[in-house]
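# An overview of the molecular structure
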Amino acid sequence: MVAPEIKIMEDDIKIDDVITIDINLPDSEVIPEIKLDGPPIIDEPEVIMDFTEVQAQFIGGMDAWYAYLRNNLTYPKQPQRMGIEGTVFLRFVINTDGSIQDVEVVRSVDPLLDEAAVTVIQNSPKWKAALHHARPVRSRMTIPIKFKLN
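Residues numbered from 1 in each chain as written. Predicted model: local features only at pLDDT ≥ 70, side-chain atom pairs only at ≥ 80, totals over all residues. Heavy atoms only, no water.

A count of helices and strands for the chain gives three helices and seven strands. Listed N to C, the secondary structure of the chain is β-β-α-α-β-β-α-β-β-β in terms of helices and strands. Computed over its C-alpha atoms, the radius of gyration of the chain comes to 28 Å, more than 25% above the 15 Å expected for a compact globule of 150 residues. Dimensions of the chain, computed from C-alpha atoms along their principal axes, come out at roughly 75 × 65 × 35 Å. When burial is assessed residue by residue, the chain has 25% of its 150 residues classed as buried. In the chain, of all internal contacts separated by at least 6 residues, the share reaching a separation of at least 24 is 74%. Working note: accessible area of the chain is about 12,400 Å², and carbon and sulfur atoms make up 54% of it. (Helix = DSSP H or I, 4+ residues; strand = E, 2+ residues; numbered from the N terminus. Rg over C-alpha atoms; globule rule 2.2 N^0.38 Å. Buried < 20%, exposed > 50% of the residue type's maximum accessible area, 1.4 Å probe, protein only. Contact = heavy atoms within 4.5 Å. Areas by Shrake-Rupley, 256 points an atom, 1.4 Å probe, with all protein chains shown as cover.)

Given below as structure tokens:
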């Protein structure tokens, strides 16, 4: 085995300070100058709260939530045939408008069961947002979804 030969190159390449870019615009077309009204506005996202005075809830209450799960959660066929069951824990964010985002699996059982649980949460109708100091806030919620064979 032969070791590779390393050649040291000199850094004598000079770069011009002025760079010319030709964008092929006709001479008659004038590029308007852009003027800003003031300094840029920095949008800071709303804080996601783990603990709130009034917790976010499914519209219609827990009975409506269980009905939604019964009608929309499908137990994947392969885990059924293999006898896999268990509880998938999911964490997600409920926005001030009740929409859901950032669904993640906290505790996994099986990749197919995890995927089914994530899908049912992502497709969930809007929730009633959490309240803190009488204002709707973004909140984080962790929820278990149980897969059990009969």
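It is worth spelling out the pairing of strand β4 (residues 100–107) at this point. When strand β3 (residues 86–94) meets β4, the two strands line up antiparallel, connected through five bridges. In the sheet register, phenylalanine 89 faces β4, and the bridge partner there is arginine 107. Hairpin remark: β3 followed by β4, antiparallel, with five residues in the connecting loop; positive phi at glycine 98, about 95°. (Pairing = 2+ DSSP bridges.)

Within the fold, serine 139 resides in strand β7 (residues 135–147). The contact partners of serine 139, leaving out residues within four places of it in the chain, are Ile48, Met49, Thr52, Ala56, Phe92, Val93, Ile94 and Ala130.

Look at helix α1 (residues 61–72): 17 Å from first C-alpha to last across twelve residues, which is about the 16 Å you get at 1.5 Å a residue. Buried within α1 we find Trp65, Tyr68 and Leu69. Down the axis of α1, the buried set is contained in an arc of 95°. They therefore lie on one face. Residues of α1 that are exposed and point over 90 degrees away from its buried face: Asp63, Arg70 and Asn71. Each element contacted by the buried residues of α1 is listed here: β2 (57–58), α3 (111–122), β5 (127–128) and β7. (Expected span 1.5 Å × (residues − 1). Arc of directions from axis to C-beta.)

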